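Here are the chains, one letter per residue:
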Amino acid sequence: MRTGINRRLLLLTPLGLAGCGSLLGKEAYVPRHDWPLAPPPPPASSARRPRGVVLVRDFQVGPALDGRALLTLEPDGTLHRSYYNLWAVPPAQAVTAALTGWLQASGAFTAVVSSGSALTETLIVEGMLDTLLADLGTG
């Protein structure tokens, strides 16, 4: 009879422990958010005649922007790398695409091309990102 009670107690223990989990503090679910980095291009100006071909090379990034994690500057001056807030695409890729879109929309150039194009460029645009700032107070 004693073994029957011990066996029942042993079988009911997982159920009892499962009920204890509801007594512990529950963490609120924090959804992950992918932030776009895609500023809209300015309206095209028809005042100028398009001239030249612009080659836009891929932007390089500093160590703080080498991934998709969103970094925020805390009030104490430390950087916080967020798990729940990510860039939709890596910042260098997004800035390169945005700049290409802006130059195409400006209407100031005959063509805007990327590396590997067969066209001979008149101008070359390249750059490096080391900091991205956002004023969260203004949205």
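Our subject in this report is the structure included herewith. From a predicted model like this one, the values you see are computed outputs, not experimental measurements.

Glancing now at the pattern of salt bridges. Two side chains carrying opposite charge are able to pair once their charged atoms lie near each other. Under the definition given, this model contains one salt bridge. Put simply, Arg-57 and Glu-126 hold a salt bridge, and the shortest N to O gap is 3.2 Å. Placement of the pair is Arg-57 in the loop between strand E2 (53-56) and strand E3 (60-61) and Glu-126 in the loop between strand E7 (123-125) and strand E8 (128-129), with a sequence separation of 69 residues. Assessed through its relative accessible area of 32%, Arg-57 is described here as partly exposed.

Now for the side chain of Thr-96. Inspection of the secondary structure puts Thr-96 in helix H2 (residues 91-106). Thr-96 gets classed as buried once you look at its relative accessible area, which sits at 10%. When residues no more than four places from it in sequence are discounted, the contact partners of Thr-96 are Val-56, Arg-57, Asp-58 and Phe-59.

With that out of the way, let us pick up the sheet that holds strand E4 (residues 69-73). Pairing in this open sheet of three strands is mixed, and the strands run E1-E5-E4 from one edge to the other. Both outer strands of the open sheet, strand E1 (33-35) and E4, are each paired with one neighbouring strand and no more. With direction set aside, neighbouring strand axes in the sheet form an average angle of 60°. Strand direction decides the pairing type here: E4 and strand E5 (residues 79-87), joined by four bridges, are antiparallel. Bridge pairing in E5 links Leu-71 to Arg-81.

Attention now goes to the nonpolar core. Core analysis: the biggest nonpolar cluster contains five residues, these being Phe-59, Leu-65, Ala-92, Val-95 and Leu-129. Sequence-distant contacts of Phe-59, defined by excluding residues within four places in its chain, comprise Ala-92, Val-95, Thr-96, Leu-99, Gly-127, Met-128 and Leu-129.

The three strands lie next to each other as E6-E2-E7, forming an open sheet whose pairing is parallel. What marks the edges here is a single partner per strand, and that holds for strand E6 (111-114) and E7. For this sheet the average axis-to-axis angle between neighbouring strands, irrespective of direction, equals 25°. Sheet topology note: the E2/E6 ladder contains four bridges and is parallel. Among the inter-strand pairings, Leu-55 is bridged to a residue of E6, identified as Val-113. Of the strands in this sheet, E2, E6 and E7 are in contact with H2, which crosses E2 at around 170°.

The next subject is the environment of Arg-68. Among the secondary structure elements, Arg-68 is positioned in the loop between E3 and E4. A residue is classified by how much of its surface remains accessible, and Arg-68, at 31% relative accessible area, is partly exposed. Counting along the chain gives 13 residues from Arg-68 to Arg-81, while the straight-line C-alpha distance between them is 9.9 Å. Look past the residues within four positions of Arg-68 in its chain and what remains in contact with it is Arg-32, Asp-34, Leu-86, Trp-87, Ala-88, Val-89 and Pro-90.

Right, let's get into the environment of Ala-98. One can find Ala-98 in helix H2. For Ala-98, a relative accessible area of 16% puts it in the buried group. Each C-alpha atom of the pair Ala-98 and Pro-39 lies 6.6 Å from the other, and the pair is 59 residues apart in sequence.

About the thresholds
- Residues numbered from 1 in each chain as written.
- Predicted model: local features only at pLDDT ≥ 70, side-chain atom pairs only at ≥ 80, totals over all residues.
- Heavy atoms only, no water.
- Salt bridge = Lys/Arg side-chain N within 4 Å of Asp/Glu carboxyl O.
- Helix = DSSP H or I, 4+ residues; strand = E, 2+ residues; numbered from the N terminus.
- Buried < 20%, exposed > 50% of the residue type's maximum accessible area, 1.4 Å probe, protein only.
- Contact = heavy atoms within 4.5 Å.
- Pairing = 2+ DSSP bridges.
- Axes fitted to C-alpha atoms, helices over the stretch in contact; angles between N-to-C directions.
- Core = buried A, V, L, I, M, F, W, Y, C linked by side-chain atoms within 4.5 Å.

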